Amino acid sequence: MEIIINDAGSTDGTIEWLEEKNKNDERIRIIFSGKRTNIVEAYNECFKLAEGKYVTWFSDDIFPVDNAIEDMCNLMDTLEKKDMGAFLLKQEGRGFYVPRISGYLSPLVACVYTETLRKYNYWNLDYPFYACDNEISARFLRMGGKIIESSAKLVHEKIMDDLRKINSAGYENLGGADKFYLIHGR
């Protein structure tokens, strides 16, 4: 397993914390971008460096429960390369679930074959804030893949920092929740 982290221009001490962690664990690879960036650019920089068979994405407020990574890898070993494994996510006030849009699974966190994500040219930069995960799910479905719900569990803590506030404001300026329906319509 490898862990690729993009600081995305953090100014809250994250860079120093990452440098310290990086000294003790060779699995950790860090991208020090030196500039504030949006979530899609940050993830895409990480995806391009991925060397493993599968790739998944966790934001800084997502935490795995029990054997979530191992459980997901076991599921992925049974799927075709065009498919996506969906993590169950627990958010404030809800139990574990996979979000849906118009009846389709649309996970906030998923796992895909690295080569397939490369083939699809990573996440779409037209969705720079908080619809990128839904767009990639829709793209997998359009390309003939399936989204399979796993038993792997994650907890979403909803931490709000300055960069997330900036991204959230940008997302709202783009139409907020209406953008999800635009993605589905495409």
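Here the structure is a predicted model, which means the values were calculated and not measured. Per chain, residues are indexed from 1 in the order of the written sequence. In view of the model being predicted, local features appear only for residues whose pLDDT reaches at least 70, and side-chain atom pairs are presented and counted only at 80 or more, with totals across whole chains, interfaces and linings using the full set of residues. The side-chain values count all of the structure's non-hydrogen atoms but skip hydrogen atoms and water molecules.

### Observations concerning the overall build of the chain
The numbering of helices and of strands both runs from the N terminus, where a helix is a DSSP run of H or I of at least 4 residues and a strand a run of E of at least 2. Tallying secondary structure elements over the chain gives seven helices and 10 strands in all. Summary of the burial criterion: residues with accessible area below 20% of their type's maximum are buried, those above 50% are exposed, and those between are partly exposed, where the area comes from a 1.4 Å probe applied to protein chains only. Split into buried and exposed, the 186 residues of the chain put 45% on the buried side. Once local pairs closer than 6 in sequence are excluded, the contacts in the chain between residues at least 24 apart make up 74%. Split by element, the accessible area of the chain, about 10200 Å² in all, is 50% carbon and sulfur. Any two residues having at least one pair of non-hydrogen atoms within 4.5 Å are treated as being in contact. Note that accessible areas follow from Shrake-Rupley with a 1.4 Å probe, and for residues the cover is restricted to the protein chains shown.

### Topic: the pairing of strand β2 (residues 28-31)
Consecutive side chains of a regular strand alternate in pointing toward one face of the sheet and then the other. DSSP calls a pair of strands paired once it identifies at least 2 bridges connecting them. With four bridges joining them, strand β1 (residues 3-6) and β2 adopt parallel strand pairing. Within the sheet, the bridge partner assigned to I4 lies in β2 and is R29. The parallel pair β1 and β2, bridged by helix α1 (residues 14-24), forms a crossover whose chirality is right-handed. By convention, orient the strands away from the viewer: a clockwise path from the first strand over the helix to the second makes the crossover right-handed.

### Considering the pairing of strand β5 (residues 84-90)
Most of β5 is tucked away, with six of its seven residues classed as buried. As defined by bridge partners, β5 adjoins strand β9 (residues 110-113) across three bridges and the pair is classed as antiparallel. Bridge pairing in β9 places M84 opposite V112. Across six bridges, β5 lies against strand β10 (residues 147-156) in parallel orientation. Of the residues in β10, the one forming a bridge with L88 is K153. As paired strands, β5 and strand β6 (residues 96-97) are joined by two bridges and run antiparallel to one another.

### Examining the side chain of S106
By secondary structure assignment, the location of S106 is in the loop between β8 (104-105) and β9. The class of S106 is buried, set by a relative accessible area of 4%. Sequence-distant contacts of S106, that is, excluding residues within four places in its chain, are made with V98, P99, R100, I101, N134 and S137.

### Regarding the nonpolar core
The biggest cluster of nonpolar side chains holds 41 residues, and the ones touching the most others in it are F47, W57, M84, F87, L117 and W123. Of all the elements in the fold, those that place two or more residues in this core are α2 (39-49), β3 (54-56), α3 (68-76), β5, β9, α5 (132-142) and β10. Discounting residues that sit within four places of it in the chain, F87 has contacts with T56, F58, A68, M72, Y97, V98, V109, A110, C111, S150, A152 and L154. Take the buried residues of types Ala, Val, Leu, Ile, Met, Phe, Trp, Tyr and Cys, join any two whose side-chain atoms come within 4.5 Å, and each joined set is a nonpolar core.

### Observations concerning the pattern of salt bridges
When charged atoms on two side chains of opposite charge get close, those side chains can pair. We count a salt bridge whenever a side-chain nitrogen from Lys or Arg sits within 4 Å of a carboxyl oxygen from Asp or Glu. For the structure shown, the criterion picks out seven salt bridges. The partner of E80 in a salt bridge is K82, and the shortest N-O contact between them spans 4.0 Å. What makes E80 partly exposed here is its relative accessible area of 44%. Residue E135 pairs with R142 through a salt bridge whose shortest N-O separation is 3.9 Å. By relative accessible area, which is 5% here, E135 ends up buried. Here the residues in one salt-bridge network are E2, R29 and E51, joined through shared partners.

### Side note on the environment of G144
Take G144: it is sitting in the loop between α5 and β10. With relative accessibility at 38%, the residue G144 sits in the partly exposed group. Between the alpha carbons of G144 and K82 there is a distance of 7.0 Å; along the sequence they are 62 residues apart.

### Section: α5
Structurally, the α-helix is built with 3.6 residues per turn, so residues lying three or four positions apart point the same way. Among the 11 residues of α5, nine are classified as buried, and the element is accordingly described as predominantly covered. By the burial criterion, the buried members of α5 are C132, D133, N134, E135, I136, S137, A138, R139 and F140. One or two steps after α5, the chain reaches G144, where phi turns positive at roughly 90°.

### A look at the state of the cysteines
We call a pair of cysteine sulfur atoms a disulfide when they lie within 2.5 Å. As enumerated under the stated definition, the model contains zero disulfides in all. Distance from the sulfur of C111, which forms no disulfide, to the nearest cysteine sulfur (C73) is 5.9 Å.

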